[in-house]
Amino acid sequence: MKKLTNEAMLITYADSLGKNLKELDHVLSNELAGVVGGVHVLPFFPSTGDRGFAPEEYETVDPAFGDWADIDKLAEKYYLMFDFMLNHISPQSKYFQDFLEKKEDSEYYDMFLKYSEFWPENRPTAEDIDLIYKRKDKAPFAPVTFADGTTDQVWNTFGDQQMDLDVTKAVTKQFIKDSLINLARHGASVIRLDAFAYAIKKLDTNDFFVEPEIWDVLNDVREILAAEGSEVLPEIHEHYKIVRKITEHDMYSYDFALPLITLYSLYSGKTNRLADWLRQSPMKQFTTLDTHDGIGVVDAKDLLTQEETDFTTEEMYKVGANVKKIFSSAAYNNLDIYQINTTYYSALGNDDAAYLLARAAQIFAPGIPQVYYVGLLAGENDIELLESSKEGRNINRHYYDLDEIATTVQRPVVANLFTLLRFRNTSAAFDLEGQITVENANDNDLQVTRTSADGQTTAVLTANFATKQFTVTENGQEIFATQA
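Being a predicted model, the structure only gives us computed values, none of them experimental.

**Observations regarding the sheet that holds strand E15 (residues 435-439)**
Two orientations exist for strands paired in a sheet by backbone hydrogen bonds: parallel and antiparallel. One open sheet holds the five strands; their spatial order is E15-E16-E17-E18-E19, and the pairing between them is antiparallel. Here the strands that pair on one side only, and so sit at the sheet edges, are E15 and strand E19 (477-481). Shown here is a sheet whose adjacent strand axes are inclined to one another by a mean of 15 degrees, direction ignored. Two elements, strand E16 (residues 445-451) and strand E17 (residues 458-464), share seven bridges in a ladder whose sense is antiparallel. Looking at the pairing, Thr-449 lines up with Val-460 of E17.

In structure tokens:
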């Protein structure tokens, strides 16, 4: 297993850059050589829904993608990130099926949250249900029928293929430990904890990021992974002050606010909000502009004013290429009203200059940049896939075959992005122990300076967000400059 290194990380499905893990390895070794040092392979386990996020177990690789030997080969060359769905598992898993078959006699009975056991008599009330932080317009419970004909309801926050786990019970804790150790030993330098904030359910709370209990769970996970030499990355889309609590506990966090703030800056030409955000951002984080989900809006709350947020979302629909409000609605199975479904390139109207400046800002931001595979190839909205599936997030989940990849990397915008990323991966200026200074002398200009801890290497981004022109230098030598 390669340790986590300070190099850009690719986010991809196992079958999106080529049809399987072997083809992904080929692309990484050829077209993407030197472009990324790490790979977040989105869920590659047997699953019954949500593009892998409804796993049946973590012991095997879905044969459609390959096997553990393919994962192990990647782990020899890249630091890897895998997902662990702390909150839920598929109802088709052996654990849930045994629970349905044997009920109280099942060794997995305690893994699941039963309606009849969670609520006291004469509850839940309407007020109880209203209090729950929900991801859908009904109570987060699903009816189940046991083999003996009796019925109950079990907690399920998300969809019908994702049954919530009771993370406080011994059997669940053992399942978590065994699964995490297996993933770490197959090369996971980082484990991304998907939907962890929903994991604690407690009476008279909103059942989201319940403190202090959530820290007990996170610390247990961190301790398990630390023994294997791996890091934990809790994933949460929420107000930045909640994310900062993760930083305060000395864990890696995500910067999910950067995407919307950067869009605002590029649409308006104003750099004040972006400069303020970069000044307060921690180094121990992964930055994003795009992921397998939509562009988050709630993540930038109070970092942009409501007027600035409204301006940004409206400009996205006006300026963006094929970005429509209906694609982020229930008509396209949108789970989160606070996310907008689009590729980042299309959100910028397929404007190469604006797109490269967005990536330059990400590269110079504190932390380690993650680049989603569609974004890495400056991909446009995939309307055909969207309409054929009626799944809003599929607009940003195009399937690239090897021929299309070979052609796409020749586009100037992609080649230029690769140049910037190779520079980011090799320059000592981006030392996470080093210094960053951010200046915005006027409304439109931004200058970000990164200096290595030993003071020997300095990289500077000088940009104008009105004209979209920028230069990158290292120790005074020009590395990259856009053409006027």
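**A closer look at the pattern of salt bridges**
Across all of its chains, the model carries 28 salt bridges by this definition. With its nearest N and O atoms 3.3 Å apart, the salt bridge here joins Asp-166 to Lys-169. On the basis of relative accessibility, which here comes to 10%, the residue Asp-166 falls in the buried class. For Arg-192, the salt bridge identified is with Glu-235, shortest N-O distance 3.6 Å. Within this pair, whereas Arg-192 is found in strand E8 (residues 188-194), its partner Glu-235 is found in the loop between strand E9 (231-234) and helix H8 (240-248), the two being separated by 43 residues in sequence. It is possible to trace a salt-bridge network through shared partners that takes in Asp-50, Asp-293, Glu-391, Arg-393 and Arg-397.

**Observations regarding helix H6 (residues 170-185)**
For H6, with 16 residues, the first-to-last C-alpha span of 23 Å sits near the 22 Å given by 1.5 Å per residue. Looking at the buried side of H6, the elements it contacts are helix H2 (68-77), strand E3 (79-85), strand E4 (88-89), helix H3 (94-102), E8 and helix H7 (213-226).

**Quick word on empty space enclosed by the protein**
Inspection of every chain in the model, using the stated rule, returns six cavities of 30 Å³ or more. Considered as a void within the structure, the largest cavity measures approximately 60 Å³ in volume. For the largest cavity, the full set of lining residues is Ile-236, Glu-238, Tyr-240, Val-243, Arg-244, Tyr-254, Asp-255, Phe-256, Ala-257, Trp-277, Gln-285 and Asp-299. Broken down by secondary-structure element, the contributors of at least two residues to the lining of the largest cavity are H8 and strand E10 (253-255). Per element, the largest residue contribution to the lining of the largest cavity is three residues, and it comes from H8. Looking at the lining of the largest cavity residue by residue, the classes come out as seven nonpolar, one polar and four charged.

**Quick notes on the sheet that holds strand E11 (residues 285-287)**
Read across the sheet, eight strands follow the order E9-E8-E3-E2-E1-E14-E11-E10 without closing on themselves; strand pairing throughout is parallel. The open sheet has two edge strands, E9 and E10, and neither has a second partner. On average, each strand axis in the sheet is inclined to that of its neighbour by 30 degrees, with strand direction left out of account. Sheet analysis places strand E1 (residues 9-12) next to strand E14 (residues 368-372), joined by three bridges and oriented parallel. Counted as the bridge partner of Leu-10 is Val-371 from E14. Along the sheet, H6 makes contact with E3 and E8, crossing E3 at roughly 160 degrees.

**Side note on the packing of aromatic side chains**
If you walk through the whole model with that rule in mind, you get 37 aromatic pairs. On the numbers, 5.9 Å between centres and 85 degrees between planes, the contact of Tyr-240 with Trp-277 is edge-to-face. Of this pair, Tyr-240 sits in helix H8 while Trp-277 sits in helix H10 (residues 272-280), and the two are 37 residues apart along the sequence. This pair shows no difference in class: Tyr-240 is buried, exactly as Trp-277 is. Cluster of aromatic residues (ring-pair linked, three or more members): Phe-44, Phe-45, Tyr-58, Trp-68, Phe-82, Phe-84, Tyr-95, Tyr-108 and Phe-175. In this structure, Arg-51 is placed above the aromatic ring of Tyr-13, and the distance from its NZ or CZ to the ring centre is 3.7 Å. Between Lys-114 and the ring centre of Tyr-109, over which it is positioned, the NZ or CZ distance is 3.9 Å.

**Regarding the pairing of strand E6 (residues 151-155)**
Note that strand E5 (residues 141-145) and E6 share five bridges and pair antiparallel. Residue pairing across strands places Ala-142 opposite Val-154, the latter belonging to E6. Between E5 and E6, which pair antiparallel and follow one another directly, the connecting turn spans five residues, one of which, Gly-149, has a positive phi of 90 degrees.

Reading guide: rules and limits
- Residues numbered from 1 in each chain as written.
- Predicted model: local features only at pLDDT ≥ 70, side-chain atom pairs only at ≥ 80, totals over all residues.
- Heavy atoms only, no water.
- Pairing = 2+ DSSP bridges.
- Helix = DSSP H or I, 4+ residues; strand = E, 2+ residues; numbered from the N terminus.
- Axes fitted to C-alpha atoms, helices over the stretch in contact; angles between N-to-C directions.
- Salt bridge = Lys/Arg side-chain N within 4 Å of Asp/Glu carboxyl O.
- Buried < 20%, exposed > 50% of the residue type's maximum accessible area, 1.4 Å probe, protein only.
- Expected span 1.5 Å × (residues − 1).
- Contact = heavy atoms within 4.5 Å.
- 1 Å grid on protein atoms, 1.4 Å probe; cavity = no way out; pocket = protein on both sides within 12 Å on 5 of 7 lines; lining within 4 Å.
- Points joined across faces, edges and corners; volume = space filled by probe spheres on them.
- Nonpolar A, V, L, I, M, F, W, Y, C, P; charged D, E, K, R; others polar.
- Phe/Tyr/Trp six-rings, centres within 6.5 Å; stacked < 30°, edge-to-face > 60°.
- Lys NZ or Arg CZ within 6 Å of the ring centre and 35° of its normal.

Note that every value here comes from positions in space, so none of it alone points to a role or purpose.
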